[in-house]
Amino acid sequence: GVPAGARQRIVFVVTDGAAPAWHAGAAQPVLYAWAQRRPVAVLHLLPPQQWHRTGVAPHRLWLRAPAVGAANARLRWRPRDPLPAEPPEHAAPVPVLESRPRWLAAWANLVANGRSRWIGLPALFVGPDLYPAAAIPHPGDAPTPHQRVREFISHATPTALVLAGYLAAVPL
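Values in this document were obtained by computation on a predicted structure and should not be read as measured data.

Engineer: I tried to follow the packing of aromatic side chains on my own but got confused; where do I start?
Structural biologist: Ring pairs (aromatic) are described by centroid distance and by the angle formed between their planes. If you walk through the whole model with that rule in mind, you get 3 aromatic pairs. A ring pair is formed by W51 and W103, whose centres lie 5.7 Å apart and whose planes are at 75 degrees; its orientation type is edge-to-face. Within this pair, whereas W51 is found in the loop between β2 (40-44) and β3 (59-64), its partner W103 is found in helix α3 (residues 101-112), the two being separated by 52 residues in sequence. Owing to a relative accessible area of 5%, W51 belongs among the buried residues under this scheme. By relative accessible area, which is 11% here, W103 ends up buried. Ring centres 4.8 Å apart and planes at 65 degrees place the aromatic pair W77 and F125 in the edge-to-face group. Taken together, the positions of W77 in strand β4 (residues 76-79) and F125 in strand β6 (residues 119-126) put the pair 48 residues apart, joining distant regions of the chain. Taking relative accessible area as the criterion, W77 reaches 24% and is therefore assigned partly exposed. We note R78 situated over the ring of W118; from NZ or CZ to the ring centre the distance is 4.3 Å. For R80, the ring lying beneath its charged end belongs to W62, and the centroid distance is 4.8 Å.

How each quantity is defined
- Residues numbered from 1 in each chain as written.
- Predicted model: local features only at pLDDT ≥ 70, side-chain atom pairs only at ≥ 80, totals over all residues.
- Heavy atoms only, no water.
- Phe/Tyr/Trp six-rings, centres within 6.5 Å; stacked < 30°, edge-to-face > 60°.
- Helix = DSSP H or I, 4+ residues; strand = E, 2+ residues; numbered from the N terminus.
- Buried < 20%, exposed > 50% of the residue type's maximum accessible area, 1.4 Å probe, protein only.
- Lys NZ or Arg CZ within 6 Å of the ring centre and 35° of its normal.

Right under this line is the structure:
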């Protein structure tokens, strides 16, 4: 366990991955800074089959912590599938989780059971210079409301479409 009196913090970043900062790579250096000092995870609000449409595109990895409460930068990793490119040596993996008990349990097992077995989780590779300095898109570049609705309808699940219909009728 963690030594008595030791104060350890973890960071959960809760997101839908839609913010311009995710697409431009501006969020990743912040994750990297936290990942140098503590356990960090991204809790994605969308189901995994929708993640490819967001700015959060994790790789399927096997992760292993060298000690209880190890910072992400100290995690050992190996790919579950071939990677499109080898990440730089200094890159840190940050697990991306769905908000379901088995996902949270897997991450808790990784953090709380140092030197445990390998745990399969999707993860982003983050680093101070992994993402090109891209400008956050200007609001004038945003799609029109009609384009947004068409895009949503083309990818939404039936449940999401029903929920959107209910919300459209609610005065906000």
